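A structural walkthrough
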Amino acid sequence: MVEEVYRLERVSYFYGDSAALKDVSLNIGRGECVSVLGANGSGKSTLLKILDALLFPTSGTMEFSGEEIKAGSNPRSLRETVGFVFFEPDIQLFCPTVFDEVSFGPLQLGLPEEEVKKRADDTISLLGISQLKDRPPYTLSAGEKKKVAIASVLSINPQVLLLDEPTNALDPRTQVWLIGLLSEFKKLRKTCVIATHDLSLAWDVSERAVVLDESHRVVADGPSAEILQNKGLLLSANLIHEHSHRHGAIVHTHSHGPFSVHDEHEK
Amino acid sequence: METLLIPEWLKDGKYPAGGSCQIRGGFLEKNLTAIASFMRDIIIPQRCALKRGFFQGISPKARIAGIMVLIAGAAAADNIFVLFGLIFLTTVISLFSSVELRVFFKRAAGPFVFTFFAVIPVFFDFFMPGEAFVSFNVFGWKAAITYEGLSQAGRLLARVASIGALIFLLQTTTKESDIFRGLRELRVPRFFAASLFMTFRYILVLLKIVEDTSLSRKSRTINPSLLKDSRKWFAAKIGFILERALKSSEDVTMAMIARGFEGDFKTLNAEPFKGRDYLWLAFTFFVFFLMLGI
């Protein structure tokens, strides 16, 4: 039986009066790679923040490795195990240099200095950003910032990786690099939870997909291959939309989005 | 597929009649852009910090400590010639540290000019009575510039110019990250150094927001805006920027907690002082006592 990392029972979260999540129940096992799919504002980022105990459910319960995470707690075991790559690298990168940024996590966890330096150097060379080591993060390009943000999380050796829209603002080459990196994590049996509306990323890296719709509820949870072929579901969750255009006498109708389900050609 | 209903006015494809009338930028917009550019020049590390030079060869913490000692000397010195001597010394160090003298004097002149206008009343006998240097009579109103006023104002201006030059030397030859690391290594409380760094870091984020907001307004401005309107717009934007700043600080705190931050900003330990660092510090203490003694 797969060891359970997360168990969410009827979790709801509200920002004031406005709902971000409603009655979300979810179990995530060790080594799973799960994509949380949903349109803008469906609650994906809030869900990841709850999984990282940065926000606490307004109602319902969240357990991490069998331990209930209660409001206001900052469990050390979770901090040592879970790494969170934020949507906006600018928020995540607050240290004077890239090296400081990558060594921040291990330092806060109280690792010995030699180990911190080794981890920072290893992570920087793993991600191929050695030339950026002494640069202030805010002077980097979007792709470089994202790499530094990932490096800053990897250096704590997380067993669970939470990624919020990881392909956002990345050029195609960096996207391919990221997919390769996530595939390597899967081989290492690290647990990944990826919040995205990039369906091609979900197809490439995750074996399971959870869909949040615009009512902030989970409307599907199953194998990615099945969910990503379910055109009706993707349309209703606003993850793709349908579009028709004409090529001479042929009316061409297909779904549109970062990922397309090509299934119709009408005359 | 749903058909969009385009309003009639949006279908109008006419280009406005020619003419190359220039729209002058508003007073506030121009100043905002100038302030943003000035702040960025100050905060963003100078290319000079990456060059080889005398000052760049000293460790950041020794540089900061030495400059602090010299600033303390400038604050305590009473002799205007000593202060001019300090400006000369700073200029020589700048020359040996690949600092462009034109930029050096331009930047150091900023605080000098500002202070000059602030101390104008000190020149006159109604503020600083004493022996008249120049007297004049304007429509029956008699006034004089006094030797005492000139001396007091001159000392203050020389002090401001020397401290400004020292700070510019440090800032232009030291990477921003090294300044903050140096502060931490000098046992400045970590939280203070970190807060200072993050303040500078977010000034840049806020400057970007201010500039982008100002540019987006400019891109939609056809008639030159009245100062009154600009003021109203700016006041509204201050609220918006404050809101963004609060949101950013909340998000940054979350990002720090997510990586194990529990309130104590842990950092790597400093490298020990080297020979040239000790020499530099000894030199600055020598200058400090010399300034007090003269």
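Residue numbers restart at each chain and count upward from 1, following the sequence in its written direction. Just so you know, chain letters begin at A and ligand numbers begin at 1, following the order they were written in. pLDDT decides what is reported in this predicted model: residues at 70 or higher carry local features, side-chain atom pairs at 80 or more are listed and counted, and totals for whole chains, interfaces and linings draw on all residues regardless. Each side-chain value is worked out from all heavy atoms of the structure, with water and hydrogens disregarded.

Description of the overall build of chain A
- What chain A contains, in helices and strands, is 10 helices and 12 strands.
- For 267 residues, the compact-globule estimate of 2.2 N^0.38 gives 18 Å, and the C-alpha radius of gyration of chain A, at 20 Å, lies within 12% of that figure.
- Taken over the C-alpha atoms alone, chain A extends approximately 70 × 45 × 40 Å along its principal axes.
- Counting across all 267 residues of chain A, residues that qualify as buried make up 55%.
- If you sum the accessible surface of chain A, you get close to 11300 Å²; carbon and sulfur atoms cover 50% of it.
- Positive: Lys, Arg. Negative: Asp, Glu. His and the chain ends are not part of the count. Where a charge lies is defined by one atom per residue type: Lys uses NZ, Arg uses CZ, Asp uses CG and Glu uses CD. Side chains of chain A carry 27 positive and 37 negative charges; the gap between the two charge centres is 2 Å. Numbering of helices and strands starts at the N terminus; helices are DSSP runs of H or I of at least 4 residues and strands are runs of E of at least 2. Our radius of gyration looks at C-alpha atoms and nothing else; its globule reference is 2.2 Å times the residue count to the power 0.38. Only protein chains enter the calculation, and the probe is 1.4 Å; a residue is then buried if its accessible area is under 20% of its type maximum, exposed if over 50%, and partly exposed in between. Note on areas: Shrake-Rupley with a 1.4 Å probe; residue coverage comes only from the protein chains shown.

A closer look at the packing of aromatic side chains
- In this analysis, rings of Phe, Tyr and Trp, with Trp reduced to its six-membered ring, are considered paired at centre separations within 6.5 Å, and the interplanar angle assigns stacked below 30 degrees, edge-to-face beyond 60, and tilted for intermediate values. Going through the model one piece at a time under the given rule, you end up with 17 aromatic pairs over all chains.
- For the pair F54(B) and W280(B), a centre-to-centre distance of 6.3 Å together with 75 degrees between the ring planes defines the contact as edge-to-face. Residue F54(B) is found in the loop between helix 2 (27-43) and helix 3 (60-76), and its partner W280(B) is found in helix 10 (residues 275-293); the two are separated by 226 residues along the sequence.
- Using a relative accessible area of 3% as the deciding quantity, one classes W280(B) as buried.
- Ring geometry for F124(B) versus F126(B): centroids 5.5 Å apart, planes at 5 degrees, classification stacked.
- Residue classification places F124(B) among the buried positions, given a relative accessible area of 16%.
- Classification of F126(B) as exposed rests on a relative accessible area of 51%.
- An aromatic cluster is built from F54(B), F55(B), W280(B) and F283(B), whose rings are joined through pairwise contacts.
- Both a distance and an angle decide whether a charge sits over a ring: NZ of Lys or CZ of Arg must be within 6 Å of the ring centre and within 35 degrees of the ring normal. The aromatic ring of W177(A) is capped on one face by K147(A), whose charged end is 4.8 Å from the ring centroid.

Description of the sheet that holds strand 2 (residues 18-29) of chain A
All names here are of chain A.
- For two strands to be treated as a pair, DSSP must find no fewer than two bridges joining them. The strand order across the open sheet built from 4 strands is 2-1-4-5, with neighbouring strands paired in antiparallel fashion. At either margin of the open sheet sits one strand with a lone partner, and together these are strand 2 and strand 5 (67-68).
- Of the strand pairs in this sheet, strand 1 (residues 4-15) and strand 4 (residues 59-64) are connected by 5 bridges, and their pairing is antiparallel. Across the sheet, the residue bridging to S12 is S59, located in strand 4.

A closer look at the pairing of strand 7 (residues 160-164) of chain A
Residues and elements named next belong to chain A.
- Of all the 5 residues making up strand 7, 5 are buried; the element is thus mostly covered by neighbouring parts of the structure.
- By the alternation rule, side chains of strand 7 split into V160, L162 and D164 and L161 and L163, which are all buried.
- When strand 6 (residues 82-85) meets strand 7, the two strands line up parallel, connected through 4 bridges. Counted as the bridge partner of V85 is L163 from strand 7.

A short note on the packing of helix 6 (residues 142-154) of chain A against helix 7 (residues 172-187) of chain A
All names here are of chain A.
- Axes here mean lines fitted to C-alpha atoms, for a helix over just the part in contact, with angles spanning 0 to 180 degrees between N-to-C directions. Helix 7 packs onto helix 6 with a crossing angle of 15 degrees between their chain directions and a minimal axis gap of 12 Å. It follows from the interaxial angle that helix 6 and helix 7 lie roughly parallel. The hand of the helix 6/helix 7 crossing is left-handed. On helix 7, the residues touching K147, I150 and L154 of helix 6 are T174, W177, L178, L181 and F185. Each angle gets one of four labels, with under 35 degrees taken as roughly parallel, over 145 as roughly antiparallel, 65 to 115 as roughly perpendicular, and the rest as oblique. Note on convention: the crossing is left-handed when the near helix lies turned anticlockwise from the far helix by less than a right angle, right-handed when the turn is clockwise. Should any heavy atoms of two residues lie within 4.5 Å, those residues are counted as being in contact.

Considerations on helix 9 (residues 227-258) of chain B
Residues and elements named next belong to chain B.
- The end-to-end C-alpha distance of helix 9, which contains 32 residues, comes to 46 Å, matching closely the 46 Å that a straight helix rising 1.5 Å per residue would cover.
- Looking at helix 9, one finds that the buried residues are S230, W233, I241, S248, D251, V252, M254, A255, M256 and A258.
- Positive backbone phi, at 95 degrees, marks G260, one or two positions downstream of helix 9. The length a helix should cover is 1.5 Å for every residue beyond the first.

A few points about the interface of chain A and chain B
- Residue-level contacts link 37 residues of chain A with 32 residues of chain B.
- Two parts placed together each lose some accessible area under a 1.4 Å probe, and adding up what both lose gives the buried area. Carbon and sulfur atoms supply 60% of the area that chain A and chain B bury against each other, a total of about 3000 Å² over both sides.
- On the chain A side of the contact with chain B, F94(A), Q108(A) and Y138(A) bury the most area, a combined 25% of that side's loss.
- One side-chain nitrogen of Lys or Arg within 4 Å of one carboxyl oxygen of Asp or Glu is enough to make a salt bridge. Counting across the interface, chain A meets chain B through 1 salt bridge.
- The residue R259(B) makes a salt bridge to E101(A) at a minimum N-O spacing of 3.0 Å.
- In protein, a polar contact requires one atom able to donate a hydrogen and another able to accept it; more generally it is a pair of N or O atoms within 3.5 Å, and residues adjacent in sequence count only if both atoms are side-chain atoms. On the surface where chain A and chain B come into contact, there are 3 residue pairs in polar contact (both at pLDDT 80 or more).
- The set of elements that each furnish at least two residues to the side of chain A that touches chain B consists of helix 2 (76-81), strand 6, helix 3 (89-92), helix 4 (98-108), helix 5 (113-126) and strand 11 (241-247) of chain A.
- Of the residues forming the side of chain A that touches chain B, the biggest block, 8 residues, is contributed by helix 4 of chain A.
- In terms of residue class, the side of chain A that touches chain B is made up of 17 nonpolar, 9 polar and 11 charged. Just so you know the grouping, Ala, Val, Leu, Ile, Met, Phe, Trp, Tyr, Cys and Pro go in nonpolar, Asp, Glu, Lys and Arg go in charged, and all remaining residues, Gly too, go in polar.

Overview of the nonpolar core
- Only buried Ala, Val, Leu, Ile, Met, Phe, Trp, Tyr and Cys residues count toward a nonpolar core, and they belong to the same one when joined by side-chain atoms within 4.5 Å. By size, the foremost hydrophobic cluster in this structure holds 79 residues, and its most contacted members are Y6(A), L8(A), L51(A), F64(A), L162(A), F55(B) and M256(B).
- By size, the runner-up hydrophobic cluster in this structure holds 30 residues, among which are F99(A), L132(A), I179(A) and L181(A).

Side note on the pattern of salt bridges
- All told, the structure shown has 19 salt bridges over all chains when counted by the stated rule.
- R79(A) is the partner of D52(A) in a salt bridge, and the nearest nitrogen-oxygen pair spans 3.2 Å. Here D52(A), found in the loop between helix 1 (44-51) and strand 4, pairs with R79(A), found in helix 2; they are 27 residues apart in sequence, far enough to count as distant.
- For R79(A), a relative accessible area of 2% translates into the label buried.
- For the salt bridge of R155(B) with D78(B), the shortest nitrogen-to-oxygen distance reads 3.7 Å. Residue R155(B) is located in helix 6 (residues 147-173), and its partner D78(B) is located in the loop between helix 3 and helix 4 (80-95); the two are separated by 77 residues in the primary sequence.
- By relative accessible area, D78(B) is classed as exposed at 52%.
- Taken together, the shared-partner salt bridges connect E4(A), R7(A) and E9(A) into one network.

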